[in-house]
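# Results of the structural survey
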Amino acid sequence: MILNTELEYKGNLFPSKIVSYEKNLNVLSFTTENGVILEVTVRRDSILRFRFTTTGIFENDFSYAITKYASRGYNHLEVTESQDNYIITTAKLICHISKLDLRTSIFDATDNTLICEDELGFHWEESYEHGGDIVKMSKISQPGESYYGLGDKPVDNNLKGKRFENWVTDSYAYGRDTDPIYKTIPFYTGLNNKKSYGIFFDNTFRSFFDFSHERRNITSFWAQGGEMNYYFIYGPNMSDVVVNYTDLTGKPHEMPALWTLGYHQCKWSYYPESNVKEITAKFRELKIPCDAIYLDIDYMEGFRCFTWSKEHFPDPKRMVKELADDGFKTIVIIDPGIKIDMDYSVFQEGLEKDYFCKRADGPYMKGKVWPGECYFPDFTRPEVREWWAGLFKELIEDIGVKGVWNDMNEPAVMDVPGKTFPPDVRHDYDGNPCSHKKAHNIYGMQMARATYQGLKKFAYPKRPFVITRAAYSGTQRYTSSWTGDNIATWDHLNIANLQAQRMCMSGFSFVGSDIGGFAEQPNGELYARWIQLGIFHPFCRTHSSGDHGDQEPWAFGDTITNVVRKFIELRYQLLPYLYTAFWRYAEEGIPILKSLVLYDQEDSQTHYRNDEFIFGEKILACPVTGPNQKGRRMYIPRGKWYNFWTDEIVSGGQELWVDADLDSMPIFVKEGAIVPKYPVQQYVGEKVIDELLLDVYYKLGKENSMVYEDATDGYDYIKGRYSLRDFKLLGKKNELIIQQHKSGKFITTYKTFKLSLHGLPFKISKVQVDNEEILFKDIKLNGDNTLVLNKEFTELHIIG
Ligand code: MIG
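Residues numbered from 1 in each chain as written. Predicted model: local features only at pLDDT ≥ 70, side-chain atom pairs only at ≥ 80, totals over all residues. Heavy atoms only, no water.

Under an unreviewed UniProt entry, the name given to the chain is Glycoside hydrolase family 31 protein, and the organism recorded is Flavivirga aquimarina. Of the chain, the UniProt comment under Sequence similarities (unreviewed entry) reads exactly: "Belongs to the glycosyl hydrolase 31 family." (UniProt positions renumbered as here; feature names shortened; annotations may be inferred.)

Okay, the overall build of the chain next. Scanning the chain for helices and strands turns up 13 helices and 51 strands. The globule rule puts the C-alpha radius of gyration for 800 residues at 28 Å, and the 27 Å found for the chain is close to it. Projected onto the principal axes, the alpha-carbon positions of the chain cover approximately 85 × 70 × 50 Å. Classification of the 800 residues of the chain by burial places 65% in the buried group. Taking all contacts inside the chain whose residues are at least 6 apart in sequence as the whole, residues at least 24 apart take part in 69%. Taken as a whole, the chain presents about 28700 Å² of accessible surface, with 48% of it coming from carbon and sulfur. Taking the average location of the 93 positive side-chain charges in the chain and that of its 110 negative ones, the two points are 4 Å from each other. (Helix = DSSP H or I, 4+ residues; strand = E, 2+ residues; numbered from the N terminus. Rg over C-alpha atoms; globule rule 2.2 N^0.38 Å. Buried < 20%, exposed > 50% of the residue type's maximum accessible area, 1.4 Å probe, protein only. Contact = heavy atoms within 4.5 Å. Areas by Shrake-Rupley, 256 points an atom, 1.4 Å probe, with all protein chains shown as cover. Lys, Arg positive; Asp, Glu negative; His and termini not counted. Charge placed at Lys NZ, Arg CZ, Asp CG, Glu CD.)

The next point concerns the nonpolar core. Membership of the largest hydrophobic core comes to 178 residues, with the highest contact counts inside it found for W388 and L755. For this core, the element with the most residues is helix α7 (residues 436-459), which contributes 10 residues. Each residue touching L755, except ones within four places of it in the same chain, is listed here: L694, V696, I738, N785, T786, L787, L789, L796 and I798. Core analysis: the next-biggest nonpolar cluster, separate from the first, contains 42 residues, F122, V135, Y147 and M228 among them. (Core = buried A, V, L, I, M, F, W, Y, C linked by side-chain atoms within 4.5 Å.)

Another point: the UniProt feature "domain: Glycoside hydrolase family 31 N-terminal" (unreviewed entry) in the chain. In this structure's numbering, the residues bearing the UniProt feature "domain: Glycoside hydrolase family 31 N-terminal" (unreviewed entry) are residues 38-210. In the segment residues 38-210, helix accounts for 0% and strand for 49%; the C-alpha atoms at its two ends are 23 Å apart.

The subject of this paragraph is the environment of R571. Inspection of the secondary structure puts R571 in helix α10 (residues 558-573). With a relative accessible area of 2%, R571 lands in the buried category. Sequence spacing of R571 and T178 is 393 residues, and the spatial spacing of their C-alpha atoms is 31 Å. When neighbours within four sequence positions are excluded, R571 is seen to be in contact with L261, G262, G534, I535, F536, H537, P538, F539, C540 and L578. At 2.6 Å, the side chain of R571 and the backbone oxygen of H537 are in polar contact. Within the structure, R571 has its side chain in polar contact with the backbone oxygen of P538 (distance 2.9 Å). (Polar contact = N/O pair within 3.5 Å; in protein donor to acceptor, adjacent residues only side chain to side chain.)

Next up on the list: the sheet that holds strand β8 (residues 104-108). The nine strands are arranged β5-β6-β7-β8-β9-β10-β17-β16-β12 in an open sheet whose pairing can be described as antiparallel. One side of each edge strand has no neighbouring strand; the edge strands of this open sheet are β5 (77-81) and β12 (163-166). The average undirected angle you get between the axes of adjacent strands in this sheet is 15°. Note that strand β7 (residues 93-98) and β8 share five bridges and pair antiparallel. When the bridges of β8 are listed, H96 appears paired with S105. (Pairing = 2+ DSSP bridges. Axes fitted to C-alpha atoms, helices over the stretch in contact; angles between N-to-C directions.)

This part takes up unusual backbone geometry. Omega for the bond connecting Y271 with P272 falls within 30 degrees of zero, at -5°, which places this linkage in the cis form. In this structure, P272 sits in the loop between β19 (263-265) and α2 (273-286). The omega torsion across Y460 and P461 is 5°, close enough to zero to call that bond cis. Position of P461 among the secondary structure elements: in the loop between α7 and β28 (466-468). In this structure, D415 is a non-glycine residue whose phi angle is positive, near 60°. Mapped onto the elements, D415 comes out in the loop between β25 (403-406) and β26 (426-427).

Running from N to C, helix α9 (residues 524-534) and α10 cross one another at 5°; their axes reach a closest spacing of 9 Å. As far as their axial angle goes, α10 and α9 are roughly parallel. Contacts between α9 and α10 involve G524, E525, Y527, A528, I531, Q532 and G534 on the former and, on the latter, I560, V563, V564, F567, I568 and R571. Here the residues of the contact of α9 with α10 sort into eight nonpolar, three polar and two charged. (Parallel < 35°, antiparallel > 145°, perpendicular 65-115°, else oblique. Nonpolar A, V, L, I, M, F, W, Y, C, P; charged D, E, K, R; others polar.)

Our next topic: the pairing of strand β51 (residues 795-799). With four of its five residues buried, β51 lies for the most part within the structure. When strand β46 (residues 735-743) meets β51, the two strands line up antiparallel, connected through five bridges. Directly across from L736, in β51, lies its bridge partner I798. As paired strands, strand β48 (residues 766-769) and β51 are joined by four bridges and run antiparallel to one another. In the sheet register, V769 faces β51, and the bridge partner there is L796.

To continue, consider the packing of aromatic side chains. Under the defined criterion, the tally for this structure stands at 72 aromatic pairs. With a centroid separation of 5.6 Å and 80° between ring planes, the pair formed by Y294 and W405 is classed as edge-to-face. On the criterion of sequence distance, the pair formed by Y294 in strand β20 (residues 292-295) and W405 in strand β25 is long-range, its members being 111 residues apart. Comparing Y294 with W405 shows no difference in burial state: the two are buried. Judged by centre distance (5.7 Å) and plane angle (45°), the ring pair of Y579 and Y708 falls under tilted. Here the residue Y579 occupies a position in helix α11 (residues 575-588), and Y708 occupies one in strand β44 (residues 701-709), the gap between them amounting to 129 residues. Y708 carries the same exposure label as Y579, and that label is buried. Every member of this aromatic cluster is reached through a ring pair, and the members are F50, Y147, F164, Y188, F201, F209, F211, F221 and Y230. Here R541 stacks its cationic end above the ring of W482, 5.1 Å away from the centre of that ring. (Phe/Tyr/Trp six-rings, centres within 6.5 Å; stacked < 30°, edge-to-face > 60°. Lys NZ or Arg CZ within 6 Å of the ring centre and 35° of its normal.)

Now for the pattern of salt bridges. Counting across every chain of the model gives 61 salt bridges. Its salt-bridge partner being D415, residue K368 comes within 2.8 Å of it at the nearest N-O pair. Taken as a pair, K368 in strand β23 (residues 367-369) and D415 in the loop between β25 and β26 lie far apart in primary sequence, 47 residues in all. Take K368: its relative accessible area is 35%, and that puts it in the partly exposed class. On the basis of relative accessible area, D415 is assigned to the exposed category, the value being 64%. Residues E703 and K670 are paired through a salt bridge, measuring 3.4 Å at the closest nitrogen-oxygen approach. Of this pair, E703 sits in strand β44 while K670 sits in strand β41 (residues 667-670); the two residues are 33 residues apart in sequence, bridging distant segments of the chain. (Salt bridge = Lys/Arg side-chain N within 4 Å of Asp/Glu carboxyl O.)

This part takes up empty space enclosed by the protein. Throughout the structure, instances matching the rule amount to three cavities of 30 Å³ or more. Of the pockets and cavities examined, the largest cavity occupies roughly 160 Å³. What lines the largest cavity is a set of 16 residues, and nearest its centre among them are E254, P464, Y478, T479 and F510. Tallied by class, the residues present in the lining of the largest cavity amount to 10 nonpolar, four polar and two charged. Space inside the second largest cavity adds up to approximately 50 Å³. Surrounding the second largest cavity, T113, L114, I115, N192, N193 and K195 form its lining. For the lining of the second largest cavity, a count of residues per class yields two nonpolar, three polar and one charged. (1 Å grid on protein atoms, 1.4 Å probe; cavity = no way out; pocket = protein on both sides within 12 Å on 5 of 7 lines; lining within 4 Å. Points joined across faces, edges and corners; volume = space filled by probe spheres on them.)

As structure tokens, this is what we get:
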């Protein structure tokens, strides 16, 4: 990582010895003889922030990534000195700071193991080209250490041996190893000796990470400007690292409406109106569940945002209502480029109010996108975001559009080198004026944020729904996201799997890929296999560029249609399960998908696994990733698992062959799980749920499960109108006990549970509910090990 400039007289500069130290509550400052200041903030026992300045003064402390809702506070803080070090001790960490050169080493406070240690530590190089510093950090990579995270990088889970760049980029038809692509999430977790920590380098300039690539025993990161400013987050469980990173950069501000977790259909483009109607009608005719239909850029008048093509969509309000009556939510695309056109009110207003980005010397930032020459709002100004939010009034409140899709917000510019703004463009950066070098990576985030504010306001009392392509850390607070312009190939199915897992372990769970591939045309088999993967992604949408042929569930003949329907139906059955996982993500920051390493880091077999993942808490899924397969080998994590299709029980900690013809895929359920299911609906809310199915998987021993429900939309849940069921299962040789603890004030429409008992090792002779023996005729015990009973029990005994 010692990247010297070509200019010989420049090179790495280093802090010298500490000459003064100050402590201000939880903020510790160390000043060196050559004027470097290191400020260490103890945010929590497990989270330390390191910030360096080389000029003796810090910049205004401002971050788009860190949420004001982040938890703070620690149980213990003590600073001592040894001959060579200052020593910071919290309840979880011990941090040594070398008096000689500010290098740090961090240890686990409970057993003194070394977690992470600087090599050169902080150093910098003066930026000859643009001024300021190129700020650098290098750390020692322990033998056997693994690395994960970094957002949407299209590579295998374990990042060891690779180098990456962070610069948000429109990447049409990217492939494996293309770097950088759409998102910048400068957060990684390291795992060594069964202990995991995370580093979040909160610097929005173009940045780089090198994981033992240039030098085998060194991991480093650097940025082309700004401050060396990073958070060290300790686990030792990787899931706690991810949870704490998500706490720091924010959880979704609200639950998504349940329909947003349904299936979405998209194409570039469905138009005119008659074509949209044909598509939606076909879903209903073929009984393939679908909740959302998308309008890509052609719905507009000459690609002008916030307009409708009179020719193709003469009466959008009527159309949107008719679609809604049939259960379809309409989602429209909105790009950042505003067409230069004096007769276009959005342009006029933006110009009058001086809301568009400008070049360093004053002219507007002019760039070509779909509408032709455009200007671009400076979304880093609060008043511009507010204006932008206001523009959604008609679209949402009047016309009834239910979601907005932000594309091209890298920002993408056509026909120019670099495919984006030049570096001199100025931004307000919320009162911290700067160039595009600093604002580039957060531009799309701020656009999505402004869009979110508009939807939140005008969709009220319903919940907002936004999708974005570009993102920086923290964007998950406002919006969902997709992985951009992938290709209809088997390798891209693998990439989609990796990207969804990686985004989830980077704090951003509401993601999915363009199912089937955006560019080119999948065959039916690839499409079906991709749907099988896609139903396990938090955001589930088919999208394609359209010019390569049709990509609807029925486009590949009946056999494929039937497979696709079967899996989308499964998605709809699992909605309460997914909704519960989402609630845990929104409440606690627990990722919705868990790569096996995140699920069981102590099992070193998981450290290099890519294909298998845990969906929610209890379901193990693994896509089939190649053609002509009748099954595949996969790794089953430790513990016992039920084959979802056959109920056969397998023991984990080993690789197994699993059958999976085209109409199947490897799915397992953790023993002891209680999985809630709804009946198949063609769209969320089609049916009143009059019974909740609980799939109960017997286990000898204990297991907890949860079911979260609410009104599926709106904000009542925030006031306590939700229903949370906590189930404790205890299986004995001759008895199965389920305790239910219910909280929240929401009353579900159903009165009964239908329990489906899997793997029960005994024949039921007696059932007791809340200490009273229930006659079989009252609980409807069916011959197939299902039983129906009142939802209000607190303790159920099923006795053999
Ligand atoms: O330059 O709006 O990634 O999903 O269909 C292409 C047209 C612009 C790129 C998006 C894609 C969308 C397409 N857009």
